[in-house]
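# Topology and contacts: notes
Take a look at the letters that make up each chain.
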Amino acid sequence: MPSALSTYRRIFDAPGSLAFSTAGFLARLPKSMQSVGVVAMLSAAHGHYALAGAVAATIALSTSVIGPQVSRLVDRFGQRRVMLTASGITVVAMTTLVLCVHLDAPAWTLFPSAAVAGCMPSMSSLVRARWAHIYAGSPMLHPAYSFESVLTQISFIVGPPLAAALSTTLFPEAGPALTTLLLAVGTVLLAAQRRTEPPLRAPRQRREATGSVLRSRGLGILVLTYVGVGAILGSLEVVTVAFADHLHHKALSGVVLGVYALGSCIAGLVFGTLTLRGPLSRRYLAGVVVMALSMLPLLFVTNLVFLAAALFVAGMLLSPTMITTTLLVQRIVPATRLTEGMTWTVTGLAVGAACGSAIASAVVERSGAAAGYEVTVIAALLAAATALSGARRLGRALTQARTAPADPTRPAPLPSPALRQQANRAMTPARSRG
């Protein structure tokens, strides 16, 4: 454990890293709270789950469509300028949505605001781009990405229950109101961290970089695989709640899902301290396949104890796979398009989660709670099949990235404080050193 703690402590040796990571965590919390807060608000205010689900789905769909475009603008014009504008639009849209609910406006007025609320930047992508700017080419990028993966897991453990609790115990609009406030504050704090912001690309590169970064060799395979991973997560949440309800322990569903997230957090922390050998593409393929196999025990669960144990093991395969995927994106996508590339994987995850939850809900309604886990297993097998079918293409993409000319916009990693001190002493005139 001491060596693990020292590994994560060293990633904050770079000036400003602790500040932007802390601000980034605060800024990403609204992402985990947004949909749940809207559902809790509308169901508490009107008692209409169908309307609540439709509005939440509108937000999810608009995020999937608008998110990569916002990230493309970030890569072109810089994080600070775009995140302040995009988050400002989202704050106005969410405030309008809350006011419409508070004033009991007609149902149709909720949907324009929900569609615009999808402008929220992918804060996790912005933070990972900063880590890549600091530690590109350094072994410290692996633990940095692992730490960010764990923070993302924590945000989804803390955020949804907080938003739901506020809307159900205080007043319906409380959850989305806090979500909007956190987005505004977190964005301002992250935008204030100027020295760790990745540099803008040169004007010539802006003109040459046209079209979607999805054209990058290998990225499409990662995004399609992430659609399957998202379907795992989306179906798992719906079916677990239904399964616990079937056993008359619905209140324990959150605990069981928390065990899944706990397994993912523990594995992510441990994974970040490991020095791994072998091609990234092979580690990625192994991770997806083993993760798919870890879902098979869900077909045989009969009680919540068995379910919690199975989900804990399955969760331990999630973070390593996602961390490896992030490293792959960083390797195969041009440095000047990194934010957009990372956002496309997040978009794949969101699309898969929406599809998985919708399909699982229909299966549970028709065939019962236990049958819903078949959707989870099928999604896992599809993700593994996609990774297998694209393994060779992904390997070629990595080879091409290694043999490509050096990217002048990709900075060298910052030296450690000890090396900086040594360099400063070497450059100091002898008489000034006494």
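Remember, it's a predicted structure, so these values are computed and weren't measured experimentally.

Rules behind the numbers
- Residue numbers run consecutively from 1 along every chain, following the written order of its sequence.
- Local features are withheld for residues below a pLDDT of 70 in this predicted model, meaning they are given only at 70 or higher, and side-chain atom pairs are given and counted only at 80 or more; totals for whole chains, interfaces and linings count all residues.
- The basis for every side-chain value is the complete set of heavy atoms in the structure, and neither hydrogens nor water enter the calculation.
- Secondary structure is summarised from DSSP: a helix means a run of H or I of at least four residues, a strand means a run of E of at least two, and numbering begins at the N terminus for each.
- Burial classes: relative accessible area under 20% of the type maximum marks a residue as buried, over 50% as exposed, and values in between as partly exposed (1.4 Å probe, protein chains only).
- Contacts are assigned to residue pairs with any non-hydrogen atoms lying within 4.5 Å of each other.
- Points on a 1 Å grid over protein atoms alone make up a cavity when a 1.4 Å probe fits among them but cannot get out, and a pocket when they form an open set with protein on both sides within 12 Å along at least five of seven lines; lining residues each have an atom within 4 Å of a point.
- Grid points are joined across faces, edges and corners, and a volume is the space filled by probe spheres set on the points.
- Under the grouping applied here, Gly and all other residues not named as nonpolar or charged are polar, the nonpolar ones being Ala, Val, Leu, Ile, Met, Phe, Trp, Tyr, Cys and Pro and the charged ones Asp, Glu, Lys and Arg.
- What we call a nonpolar core is a set of buried Ala, Val, Leu, Ile, Met, Phe, Trp, Tyr and Cys residues that are connected through their side-chain atoms within 4.5 Å.
- We count a salt bridge whenever a side-chain nitrogen from Lys or Arg sits within 4 Å of a carboxyl oxygen from Asp or Glu.
- The axes are straight lines fitted to the C-alpha atoms, using for helices just the contacting stretch, and the angles between their N-to-C directions are given from 0 to 180°.
- Throughout, the term roughly parallel applies to angles under 35 degrees, roughly antiparallel to angles over 145, roughly perpendicular to angles from 65 to 115, and oblique to all others.
- To count toward a patch, a residue needs a relative accessible area over 30% and no salt bridge; like charges are then connected within 9 Å, while nonpolar side chains (Val, Leu, Ile, Met, Phe, Trp, Tyr) are connected within 5 Å.
- Accessible surface is estimated by sampling points in the Shrake-Rupley manner with a 1.4 Å probe; for residues, cover comes only from the protein chains shown.
- In protein, a polar contact means a hydrogen-donor-capable atom and an acceptor-capable atom, both N or O and within 3.5 Å, with residues adjacent in sequence counting only if both atoms are side-chain atoms; elsewhere, any N or O pair within 3.5 Å suffices.
- Charge counting follows a simple rule: Lys and Arg are positive, Asp and Glu are negative, and His as well as the terminal groups are ignored.
- In this description, the location of a charge corresponds to atom NZ of lysine, CZ of arginine, CG of aspartate or CD of glutamate.
- Helices are assigned an expected span. That span is 1.5 Å times one less than the residue count.
- The pLDDT value expresses, per residue, how confident the predictor is, ranging between 0 and 100.
- Here the aromatic set is Phe, Tyr and Trp, taking the six-membered ring for Trp, and pairing holds for ring centres within 6.5 Å; pairs whose planes are under 30 degrees apart are stacked, those over 60 apart are edge-to-face, and all others are tilted.

Let us now look at the environment of L126. Take L126: it is sitting in helix 6 (residues 123–135). Note on L126: relative accessible area 1%, which makes it buried. Sequence separation between L126 and T343 is 217 residues; the distance between their C-alpha atoms is 8.9 Å. For L126, the residues in contact, after removing those within four places along its chain, are V74, Q79, M83, P121 and T339.

Inspection of the entire model under this criterion finds two cavities of 30 Å³ or more. Listed by contribution, the elements that provide at least two residues to the lining of the second largest cavity are helix 3 (49–77) and helix 14 (338–367). Ranked by residue count, the leading element in the lining of the second largest cavity is helix 14, at four residues. Looking at the lining of the second largest cavity, its residues break down into four nonpolar, six polar and one charged.

If you look at the biggest cluster of nonpolar residues, it comprises 84 residues, and the most contacted ones within it are W131, L298 and L307. Not counting residues up to four positions away in its chain, the partners in contact with L298 are L236, L307, A310, L311, Y373 and T376. A52, I59, M94 and L110 belong to the second largest nonpolar core, which has 16 residues in total.

Here we come to the pattern of salt bridges. Under the counting rule described, the total for this entry stands at four salt bridges. A salt bridge links R72 to E340; the nearest nitrogen and oxygen atoms lie 3.4 Å apart. With R72 in helix 3 and E340 in helix 14, the pair connects residues that are 268 residues apart, well separated along the chain. When its relative accessible area of 28% is taken as the criterion, R72 is described as partly exposed. Residue R194 is joined to E197 by a salt bridge in which the shortest nitrogen-to-oxygen separation is 3.5 Å. Each member of the salt-bridge network shares a partner with another, and the members are R72, R337 and E340.

This next bit is on the packing of helix 7 (residues 141–169) against helix 8 (residues 174–191). Each packed pair of helices is defined by two parameters, the angle between the axes and the distance between the axes. Where helix 7 meets helix 8, the axes come as close as 6 Å, and the angle between the chain directions of the two elements is 130°. Put simply, helix 7 runs oblique to helix 8. The segment helix 7 lies against helix 8, with L162, A163, L166 and S167 engaging A174, G175, P176 and L178. Its residues assigned to classes, the contact of helix 7 with helix 8 shows six nonpolar, two polar and no charged.

Our next topic: unusual backbone geometry. With a phi close to 55°, D104 is a non-glycine residue in the positive phi region. Looking at where D104 falls in the secondary structure, it is placed in the loop between helix 4 (79–102) and helix 5 (110–116). Its relative accessible area of 54% is what places D104 among the exposed residues.

Here we take up a nonpolar patch on the surface. Taken together, L262, I266, V270, L274, L276 and M316 make up a surface patch of nonpolar side chains, about 450 Å² in accessible area. The element best represented in the nonpolar patch is helix 11 (residues 253–271), accounting for three residues. Tracing the sequence through the fold places I266 in helix 11. Taking relative accessible area as the criterion, I266 reaches 35% and is therefore assigned partly exposed.

By the secondary structure assignment, R28 is in helix 2 (residues 17–46). At 2.3 Å, the side chain of R28 and the side chain of E148 are in polar contact. Once you skip the residues sitting within four places of it in the chain, R28 turns out to touch M123, S124, V127, E148, L151, T152 and S155.

A cluster of basic residues, R217, R392, R393 and R396, forms a positive patch on the protein surface. Since its relative accessible area comes to 37%, R393 is described here as partly exposed.

What follows is about helix 13 (residues 304–332). If you check helix 13, its first and last C-alpha atoms are 41 Å apart, about what 29 residues at 1.5 Å a residue would give, namely 42 Å. Most of helix 13 is tucked away: 21 of the 29 residues are buried. The N-capping residue of helix 13, defined by a side-chain oxygen 3.1 Å from the backbone nitrogen of V305, is N303.

Quick look at the confidence of the model for the protein now. The predicted coordinates should not be examined in detail at positions where pLDDT is low. Taken residue by residue, the protein gives an average pLDDT of 80. The fraction at 70 or more is 86%. For residues 406–434, every residue scores under 50 in pLDDT, and the model assigns this stretch 30 contacts once sequence neighbours within four places are set aside.

Turning our eyes to something else, we now look at the side chain of T196. Within the secondary structure, T196 is located in the loop between helix 8 and helix 9 (203–208). Residue classification places T196 among the buried positions, given a relative accessible area of 3%. A polar atom in the side chain of T196 sits 2.8 Å from the side chain of R130.

Right, let's get into the packing of aromatic side chains. Counted under the stated rule, the structure contains six aromatic pairs. A connected cluster of aromatic rings, assembled from ring pairs, spans Y8, F12, F20, W131, Y135 and F147.

Further remarks concern the environment of A93. Within the secondary structure, A93 is located in helix 4. When near neighbours in sequence (up to four residues on either side) are disregarded, A93 contacts S113, V116 and A117.

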